[in-house]
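Descriptive structure summary
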Amino acid sequence: MENENNKFFDLMEKYLMGPLGKIAQLKVVRGIMGAGMATIPFTIVGSMFLVFNVLPLTFPFLENFFNDTFFRFSDLYMLANATTMGLLALYFNVSLGYEYAQIISEEDELEISGLNGALLSMFAFFMTIPELLFDNGVVNRVTELTEEVNVVGGWRIGADGVERLGTTGIFVGIVMAIIAVNLYKLCVVKKLIIKLPAEVPAGVSRAFTALIPAFLVAFVVLIMNGILVVFNTDIFRMIQVPFGFVTELTNTWIGVMVIYFLVHALWLVGIHGANIIFALITPITLANLAANAAGANIPLAGEFNNAFVTVGGSGATLLMTFFIAFLAKSKQLQAIGKAAMVPALFNINEPLIFGLPIIYNPFLAIPFFLAPMVSASIAYFAISFEIINPIIALMPWPSPVGIGAFIGTGGDWLAAIVALVAAASAFLIYYPFIKIYDKKLVRQEQGEALQDQV
């Protein structure tokens with residue numbers, strides 16, 4: 001049995017941990033992870049104003065009061081939402097440009113400025129946004145004004161401003177940041193930069209350092225735009241095909257199951273699976289969040305993960321933590337459970353993962369996979385069948401069970417109940433396995449006690 005378990009973990013390391021571990025170490029992946037983290041405070045703030053705006057839907061008795069007071073200023077305070085969710089692609093683009101450039105600077109020991117990386121990324125991104133038309137050998141900016149469409153000088157305007165700066169432009173913003181920073185790096189490596197004497201102030205020197213890279217970025221992006229417009233398309237339409245497929249896949253039940261399988265498979269061999277997998281899909285979950293706020297019904301959005309699935313931390317271990325703290329017979333489990341209780345309330349369970357341990361533990365591997373997949377399924381179908389509202393607002397990920405679901409769905413009490421049901425279901429899956437593990441540890445402790453007496 002032990003040999004079979006070792007073979008299982010060896011296969012996991014070879015075919016899963018190895019490839020995904022290498023992906024996680026890529027500079028661009030770590031840059032995207034950093035960019036996603038950088039956008040979170042702003043999206044949370046914007047989301048809270050949206051939740052405030054939908055309170056009368058949850059508490060109808062407030063409707064008249066809100067109509068006479070707060071809603072008179074709705075267009076004012078909802079600017080906080082419009083300038084976060086409505087500019088999400090810009091936040092991602094600038095943050096990634098900075099983070100990616102900083103990583104390259106530190107690890108490749110190149111004189112690359114994070115600020116220049118951010119500005120060059122934004123420069124490249126903005127050149128891709130205007131819609132162009134190639135007609136009779138002439139390139140023109142699109143202008144179309146109708147009741148449904150509002151495109152002025154190539155800039156398509158939506159409810160919250162330029163549409164392509166919102167969630168529809170996230171993937172283009174990421175791609176353009178990667179292109180811009182790598183062109184900047186190329187210039188530095190090939191010494192195609194203007195370097196001023198050391199006596200020149202740092203701000204002035206940095207500005208001139210970006211001059212030639214800015215020209216190169218401009219030429220590359222303009223040539224790319226020109227080629228694409230001749231074929232009656234642009235970078236947004238090109239990227240929509242592969243990224244649209246990935247987005248659709250992650251929004252299916254099978255896709256959600258694959259995500260949680262990968263997260264927990266990585267954890268079992270000692271890699272922080274949530275950091276790796278959710279770093280890659282955060283742009284999708286944020287785009288889905290904005291779509292839900294506009295009326296869509298997509299389960300995997302915002303903090304779906306911490307609101308419904310991994311309550312107590314990866315593996316959905318919240319109630320299991322309290323069980324071992326108070327009802328386990330093993331002194332080891334009791335001690336670990338009591339130490340892990342408070343962090344678990346805020347979806348932090350590293351003390352449990354490394355203390356039980358869960359990693360490389362064949363006794364707990366099956367429930368660690370299965371519990372979050374079951375809780376994710378419960379929440380997924382509850383949203384898909386419109387039993388509860390979808391996530392429309394981003395809550396901080398450490399929000400305790402029920403609270404994140406309630407506020408994240410705009411005040412749906414039933415969502416909080418579904419979160420509790422999901423947590424209870426996860427515990428029922430853990431129960432027989434943790435009982436077996438508890439008995440094993442008790443036998444070990446008794447054996448050690450007998451040896452001590454001898």
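The rules we used
Residues numbered from 1 in each chain as written. Predicted model: local features only at pLDDT ≥ 70, side-chain atom pairs only at ≥ 80, totals over all residues. Heavy atoms only, no water. UniProt positions renumbered as here; feature names shortened; annotations may be inferred. 1 Å grid on protein atoms, 1.4 Å probe; cavity = no way out; pocket = protein on both sides within 12 Å on 5 of 7 lines; lining within 4 Å. Points joined across faces, edges and corners; volume = space filled by probe spheres on them. Helix = DSSP H or I, 4+ residues; strand = E, 2+ residues; numbered from the N terminus. Nonpolar A, V, L, I, M, F, W, Y, C, P; charged D, E, K, R; others polar. Pairing = 2+ DSSP bridges. Phe/Tyr/Trp six-rings, centres within 6.5 Å; stacked < 30°, edge-to-face > 60°. Buried < 20%, exposed > 50% of the residue type's maximum accessible area, 1.4 Å probe, protein only. Lys NZ or Arg CZ within 6 Å of the ring centre and 35° of its normal. Core = buried A, V, L, I, M, F, W, Y, C linked by side-chain atoms within 4.5 Å. Contact = heavy atoms within 4.5 Å. Salt bridge = Lys/Arg side-chain N within 4 Å of Asp/Glu carboxyl O. Axes fitted to C-alpha atoms, helices over the stretch in contact; angles between N-to-C directions. Parallel < 35°, antiparallel > 145°, perpendicular 65-115°, else oblique. Left-handed = near helix turned anticlockwise from the far one by under 90°.

You'll find the chain entered in an unreviewed UniProt entry as Permease IIC component, with Marinilactibacillus psychrotolerans given as the organism. UniProt, in the comment section headed Subcellular location (unreviewed entry), describes the chain in these words: "Cell membrane". Listed under Function (unreviewed entry) in UniProt, the entry text for the chain is "The phosphoenolpyruvate-dependent sugar phosphotransferase system (PTS), a major carbohydrate active -transport system, catalyzes the phosphorylation of incoming sugar substrates concomitant with their translocation across the cell membrane."

Overview of empty space enclosed by the protein
This structure, assessed with the given rule, holds two cavities of 30 Å³ or more. Every residue lining the largest cavity is listed: Met127, Thr128, Pro130, Leu132, Asn225, Val229, Thr233, Asp234, Ile235 and Arg237. Secondary-structure elements contributing two or more residues to the lining of the largest cavity are α7 (114–128), α10 (211–230) and α11 (235–250). Its residues placed into classes, the lining of the largest cavity shows five nonpolar, three polar and two charged.

Points about the pairing of strand β1 (residues 132–135)
In terms of strand pairing, β1 meets strand β2 (residues 138–141) through four bridges, oriented antiparallel. Bridge pairing in β2 places Leu133 opposite Asn140. Following β1, the chain reverses through two residues before pairing antiparallel with β2; Asn136 in that reversal takes a positive phi of roughly 55 degrees.

Description of the sheet that holds strand β4 (residues 150–152)
In spatial order, the strands read β3-β4-β5-β6; together these four strands make up an open sheet with antiparallel pairing. Each end of this open sheet is capped by a strand with a single partner; those strands are β3 (144–145) and β6 (161–162).

Things to note about the packing of aromatic side chains
Applying the stated rule across the entire model yields 26 aromatic pairs. With 5.5 Å between their ring centres and 55 degrees between their planes, Phe323 and Phe427 make a pair best called tilted. Of this pair, Phe323 sits in helix α15 (residues 318–326) while Phe427 is found in helix α20 (residues 413–453), placing the two residues 104 residues apart along the sequence. The two residues Phe323 and Phe427 agree in class, both being buried. Within the aromatic cluster, the residues linked to one another by ring pairs are Phe49, Phe52, Phe65, Phe66, Phe70, Phe71 and Tyr77. Stacked on the ring of Phe236, the Lys or Arg Arg164 has its end atom at 4.1 Å from the ring centre.

A look at the layout of surface pockets
Estimates place the volume of the largest pocket at around 700 Å³. Surrounding the largest pocket, 33 residues form its lining, Ala274, Asn275, Phe278, Asn306 and Trp397 being those nearest its centre. At the level of elements, α2 (27–58), α12 (253–268), α13 (273–293) and α14 (304–309) are the ones that each hand at least two residues to the lining of the largest pocket. Among the elements that make up the lining of the largest pocket, the one with the highest residue count is α13 (nine residues). Within the lining of the largest pocket, the residues separate by chemical class into 18 nonpolar, 13 polar and two charged.

Some remarks on the nonpolar core
Ranked by size, the top nonpolar core spans 105 residues in total, and within it Phe308, Ile324 and Leu356 carry the most contacts. Setting aside chain neighbours within four positions, we find Phe308 in contact with Ser375, Ala379, Ile383, Ile388, Ile391, Ala405, Thr409, Ala415, Val418, Ala419 and Ala422. With seven residues, the next largest nonpolar core counts Leu50, Val51, Met78 and Ile392 among its residues.

Quick notes on the pattern of salt bridges
Two side chains of opposite charge can pair, provided their charged atoms sit close to one another. Counting across every chain of the model gives six salt bridges. Arg30 serves as the salt-bridge partner of Glu107, at 2.6 Å between the closest nitrogen and oxygen. Placement of the pair is Glu107 in helix α6 (residues 88–107) and Arg30 in helix α2, with a sequence separation of 77 residues. A relative accessible area of 42% means that Glu107 is categorised as partly exposed. According to the relative accessible area criterion, Arg30 is partly exposed, its value standing at 23%. Ionic pairing is found between Arg164 and Asp234, a salt bridge with its closest N-O pair at 2.9 Å. One end of the pair, Arg164, is in the loop between β6 and α8 (170–189); the other, Asp234, is in the loop between α10 and α11, and 70 residues separate them in sequence. The pair formed by Arg164 and Asp234 is uniform in burial state, with each residue classed as buried. Here the salt bridges share partners, and the residues they tie into one network are Lys27, Asp108 and Lys185.

Details of the packing of α7 against α10
Following both chains from N to C, one finds α7 and α10 inclined at 25 degrees, their axes separated by 10 Å at the closest point. Judged by the inter-axis angle, α7 sits roughly parallel to α10. α7 and α10 meet at a crossing whose hand is right-handed. On α10, the residues that touch Leu120, Phe123, Ala124, Met127 and Thr128 of α7 are Pro213, Ala214, Val217, Ala218, Val221, Leu222, Met224 and Asn225. Per-class residue counts for the contact of α7 with α10 are eleven nonpolar, two polar and no charged.

Concerning the pairing of strand β5 (residues 155–158)
Two faces, one strand: in a regular strand the side chains alternate between the faces of the sheet. Judged from the two bridges that link them, β4 and β5 form a sheet pairing that is antiparallel. Paired with Val151 across the strands is Arg156, a residue of β5. Sheet analysis places β5 next to β6, joined by two bridges and oriented antiparallel. Bridge pairing in β6 places Ile157 opposite Val162.

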